[in-house]
Amino acid sequence: MKFWRRNWYYIGGVLFVLLAFVMGLWGCYHLDRLRVILIFSWMGMLMHQFEEYAFPGGFPLISNMAGLGETEHPERYPLNARQSFVSNVIFCYLSYIIPICFPNLVWMGASQVLAGVWQLPGHGIAMNLRLKSKYNPGLASTAVLQTPVAIYYIWYVCTYMPEQAGQLWWGIPGSILMLLLTFIVPILVMKDKNSPYPFENRELYGYNKEHVAALWEERKAAKAAKTAKTAKEGK
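Residues numbered from 1 in each chain as written. Predicted model: local features only at pLDDT ≥ 70, side-chain atom pairs only at ≥ 80, totals over all residues. Heavy atoms only, no water.

### Here we look at helix H3 (residues 59–67)
Right, so step 1: Within H3, eight of the nine residues are buried, leaving the element largely enclosed by the surrounding structure.
Right, so step 2: Where H3 is concerned, the buried positions are Phe-59, Pro-60, Leu-61, Ile-62, Ser-63, Asn-64, Met-65 and Ala-66.
Right, so step 3: Downstream of H3 by a residue or two, Gly-69 has a phi angle that is positive, lying close to 80°. (Buried < 20%, exposed > 50% of the residue type's maximum accessible area, 1.4 Å probe, protein only. Helix = DSSP H or I, 4+ residues; strand = E, 2+ residues; numbered from the N terminus.)

Put into structure tokens, the structure is as follows:
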């Protein structure tokens, strides 16, 4: 289990390659179209996770420090290695695989594909502003894989299944609920500044290491200055 927890994103990368071969050589010709689209959506998420944690990587520190403002223990708070494994493997895999098993439930499929679309403003706008960058790990896969697959899914349902197109609207609250249960709730429940499951150094630094490290020092200095000012004013 420890090996899986420390390498789940590499295993996900291998799974992406295997699925690419299976779908290219067999799946696209033998599975129904909705199931194919939903599998491609899951593959987009696998690549999204690989981009965040493996190559270029560095998402844990960027998320904890730049995104969530933690400067003291961003190696383990609010996100930590155990929580990331639980969210990204156990909960996320289930959230993507269950709709694949029931492709005719359009509302469920819409929830699955739209969950990836919400990553676009998160990575493309919010995280970039916090990181002071034009890119952060996870943005590319969201832009070129997850979002296009979601657009194609919506187009396909509207074109070939117009009688069920109304279910697409349920995908909006469904995708938000999916993200809450998969990521937000586990973070809130499992966050611990003394967590025995910190990220390894190789997981903390990846994309633009020098800039991220400098930003961390800048944030720590700003927090220290603010604390000192508050203490001075309290005297």
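Still more to cover.
### A few points about helix H1 (residues 2–30)
Right, so step 1: Counted at 1.5 Å a residue, the expected span for H1 with its 29 residues is 42 Å, but the 37 Å between its end C-alpha atoms falls short.
Right, so step 2: Taking the largest bend as the criterion, H1 deviates by roughly 70°, centred on Trp-8.
Right, so step 3: Against helix H2 (33–53), helix H4 (81–101) and helix H9 (201–204) lie the buried residues of H1. (Expected span 1.5 Å × (residues − 1). Bend = angle between axes of the 7 residues up to and from the residue. Contact = heavy atoms within 4.5 Å.)

### A few points about the pattern of salt bridges
Right, so step 1: In total, this model carries nine salt bridges according to the counting rule given.
Right, so step 2: Residue Arg-35 pairs with Asp-32 through a salt bridge whose shortest N-O separation is 3.2 Å.
Right, so step 3: Under the relative-accessibility criterion, Arg-35 is labelled partly exposed at 24%.
Right, so step 4: Residues joined by salt bridges that share partners form a network here, namely Arg-6, Glu-200, Arg-202 and Glu-203. (Salt bridge = Lys/Arg side-chain N within 4 Å of Asp/Glu carboxyl O.)

### Comments concerning the packing of helix H6 (residues 119–131) against helix H7 (residues 139–160)
Right, so step 1: At a minimum axis distance of 8 Å, the contact between H6 and H7 shows a crossing angle of 155°. Between H6 and H7, the crossing angle belongs to the class labelled roughly antiparallel. In this structure, the crossing between H6 and H7 has a hand that is left-handed. Contacts between H6 and H7 pair Gln-119, Leu-120, His-123, Gly-124 and Asn-128 from the former with Leu-139, Thr-142, Ala-143, Gln-146 and Thr-147 from the latter.
Right, so step 2: Taken together, the residues of the contact of H6 with H7 break down into three nonpolar, seven polar and no charged. (Axes fitted to C-alpha atoms, helices over the stretch in contact; angles between N-to-C directions. Parallel < 35°, antiparallel > 145°, perpendicular 65-115°, else oblique. Left-handed = near helix turned anticlockwise from the far one by under 90°. Nonpolar A, V, L, I, M, F, W, Y, C, P; charged D, E, K, R; others polar.)

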